[in-house]
Amino acid sequence: MDQLPLPLEGITVVAVEQAVAAPFATRQLADLGARVIKVERVDGGDFARGYDTAARGLASHFVWCNRGKESVALDLKDPRGLAVVRRLVAGADVFVQNLAQGAAARLGLDAATLCAAHPRLVAVDISGYGAGGPYADKRAYDMLVQCEAGLVSVTGTPEQPVKAGIPAADIAAGMYAFSGVLAALVRRGATGRGGPVEVSMLEALAEWMGHPLHHALHGGTAPERTGLAHAVIAPYDAYPTADGGRVLLSVQNDREWRRLAEQVLQRPELGEDPAFATNAARVAHRARTDALVGQTLGGLDADEAVRRLEAAGIACARLRDVHELAGHPQLAARERWREVGSPVGPLRALLPPVTLPGGEEPRMGDVPALGEHTGAVLRAVGMTDDEIAALRRDGVAA
């Protein structure tokens, strides 16, 4: 049987984007076959290029979110640079922007304006807090939105709230922008019309807060911060092992507790002890429950602890660091690693998690240098070499 093409083959995306939320969304479109033209500032480009130099001299955020794109460097404050973007949009299927609130509208690049001019266009506005309301003009960086969305309030220990270790608000907004584009393209296929897509970081992350939000709305109290422990299940925590590792286990019901007591703790009487026999009792006596589990696992190395838990049918996991994730045996066994090109040579990267069996593998293109494709893209929209040279000379293109 012939292999299916990538689902977004033939789709062109123009993105005036920066940081994480929009670039993460458009990178996923590129992985699925779309042509993504990334419009960057002439003076340094997407500011995420300067976040760090951890990826062999490149910024780790930028490498993660920008493979497979064509970089065009233009000054949009100059009418000539803005005119180029308008020409690109005229031939595009999707436009994405996450400029500061109001900046796109001042340039005429907001979704409403563009969709009025181009009825088949899907145009995405990504913002921190949405176009209206008292927070519309507030600066919205990831950690700020994590705080506003309440994520920090339910993350950490009883003593100390902490932010998530990944840019959760950016990722949430990027994922909803990505899925919003796909939904709008499906609708366009049925109706012939594109339309605006609006995503705010606060609303995206508020959706991800659904469990604690509904717990508080309908139960009266928000879940407590419990570190690695579960607020309403015990034992459900990470326990140190003899070799310095940590193993997390989860007992979901009383049958599992009895198996844990008999086969791992080797104290079968605990399975029927009123102080531990039910989850409610174990939560009420959490410190004693954790001490029993911790004493046993503390005498085993991590491999033996996992082996015993798995043999007893107890859900468990190792508490791995990022280097251990990079060497994870499951990712290796499933051949999830690839190399992508970049200005500093090949870099390891994970295949996208959406797998489409029977189709082409996701297109994991190169990470572009700033302005790497400016000349080719401008020539493709009809500009002559002399016109391009004039833009470069005047600092309108790079």
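Up top is the structure these notes are about.
Below is a summary of the structure that appears in this document. (Residues numbered from 1 in each chain as written. Predicted model: local features only at pLDDT ≥ 70, side-chain atom pairs only at ≥ 80, totals over all residues. Heavy atoms only, no water.)

Okay, the side chain of Thr26 next. Summarising the element assignment, Thr26 is placed in helix α1 (residues 21-31). The class for Thr26 is buried, based on a relative accessible area of 0%. From its side chain, Thr26 meets the backbone oxygen of Pro23 in a polar contact 3.3 Å long. (Helix = DSSP H or I, 4+ residues; strand = E, 2+ residues; numbered from the N terminus. Buried < 20%, exposed > 50% of the residue type's maximum accessible area, 1.4 Å probe, protein only. Polar contact = N/O pair within 3.5 Å; in protein donor to acceptor, adjacent residues only side chain to side chain.)

Moving on, we get to the environment of Pro368. Structurally, Pro368 can be placed in the loop between β11 (347-350) and α16 (374-380). Ignoring sequence-local partners within four residues, the contact set of Pro368 consists of Arg49, Phe62, Asn66, Lys69, Ser71, Pro343 and His373. (Contact = heavy atoms within 4.5 Å.)

Pro235 follows Ala234 through a cis peptide bond whose omega is -5°. Structurally, the position occupied by Pro235 is in the loop between α9 (210-219) and β7 (236-240). Of note, the phi angle at Ala19 is positive, near 65°, even though the residue is not glycine. Counting through the fold element by element, Ala19 comes out in the loop between β1 (12-16) and α1. Notably, Gln266 is not glycine yet its phi reads approximately 55°, a positive angle. Inspection of the secondary structure puts Gln266 in the loop between α10 (254-264) and α11 (279-284).

Here α1 crosses helix α7 (residues 168-191) at 40°, and the two axes come no closer than 7 Å. Between α1 and α7, the interaxial angle falls into the category oblique. Crossing angle aside, the handedness with which α1 passes α7 is right-handed. On α7, the residues touching Ala21, Phe24, Ala25, Gln28 and Leu29 of α1 are Asp170, Ile171, Ala173, Gly174, Met175, Ala177, Phe178, Val181 and Leu182. Across the contact of α1 with α7, the residue classes tally to eleven nonpolar, two polar and one charged. (Axes fitted to C-alpha atoms, helices over the stretch in contact; angles between N-to-C directions. Parallel < 35°, antiparallel > 145°, perpendicular 65-115°, else oblique. Left-handed = near helix turned anticlockwise from the far one by under 90°. Nonpolar A, V, L, I, M, F, W, Y, C, P; charged D, E, K, R; others polar.)

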